[in-house]
Amino acid sequence: QVQLVESGGGLVQPGGSLRLSCAASGSIFSLYTMGWYRQAPGQQREQVATMTSSGITDYADSVKGRFTISRDNAKNTVYLQMNSLKPEDTGTYYCSALLRIGEIDLANKYWGQGTQVTVSS
């Protein structure tokens, strides 16, 4: 089994910062792209930022210049540093990981349970 455990969400004022962490554990043979998605109430889940195992990043336009994704491959952990937070950044943030659990298995995307981020004064 594979588990993705997120941490670091919370309540922050506009202009503040938060750092999210997500650690993948379990039967992981190969770990590829890791990333963060978010979902606001009544809206679809959207990609926030992703990073491949070789370090290539991709950001949503709405977070470019404010959010930074990073990862520690030795720890199977991905981070999201969020600065200059805005009320529209509020939502549940989900960690994802594309990985294989065995040499002959196909890659599948796994999800964390989500962590709440609320930006409000």
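The text that follows walks through the structure, step by step, so that each part is easy to find.

Definitions and cut-offs
- Residues numbered from 1 in each chain as written.
- Predicted model: local features only at pLDDT ≥ 70, side-chain atom pairs only at ≥ 80, totals over all residues.
- Heavy atoms only, no water.
- Buried < 20%, exposed > 50% of the residue type's maximum accessible area, 1.4 Å probe, protein only.
- Helix = DSSP H or I, 4+ residues; strand = E, 2+ residues; numbered from the N terminus.
- Pairing = 2+ DSSP bridges.

**Digging into the pairing of strand β1 (residues 2–7)**
- Here β1 shows a clear split, with V2, L4 and E6 buried on one side and none of Q3, V5 and S7 buried on the other.
- Across six bridges, the pairing between β1 and strand β3 (residues 18–26) is antiparallel. When the bridges of β3 are listed, V2 appears paired with G26.

**Description of unusual backbone geometry**
- Even without being glycine, N76 reaches a positive phi, approximately 50 degrees.
- Take N76: it is sitting in the loop between β7 (67–72) and β8 (77–82).
- The phi dihedral of S84 falls on the positive side, at around 50 degrees, and the residue is not glycine.
- Note on placement: S84 falls in the loop between β8 and β9 (91–100).
- You can call S84 partly exposed: its relative accessible area is 40%.

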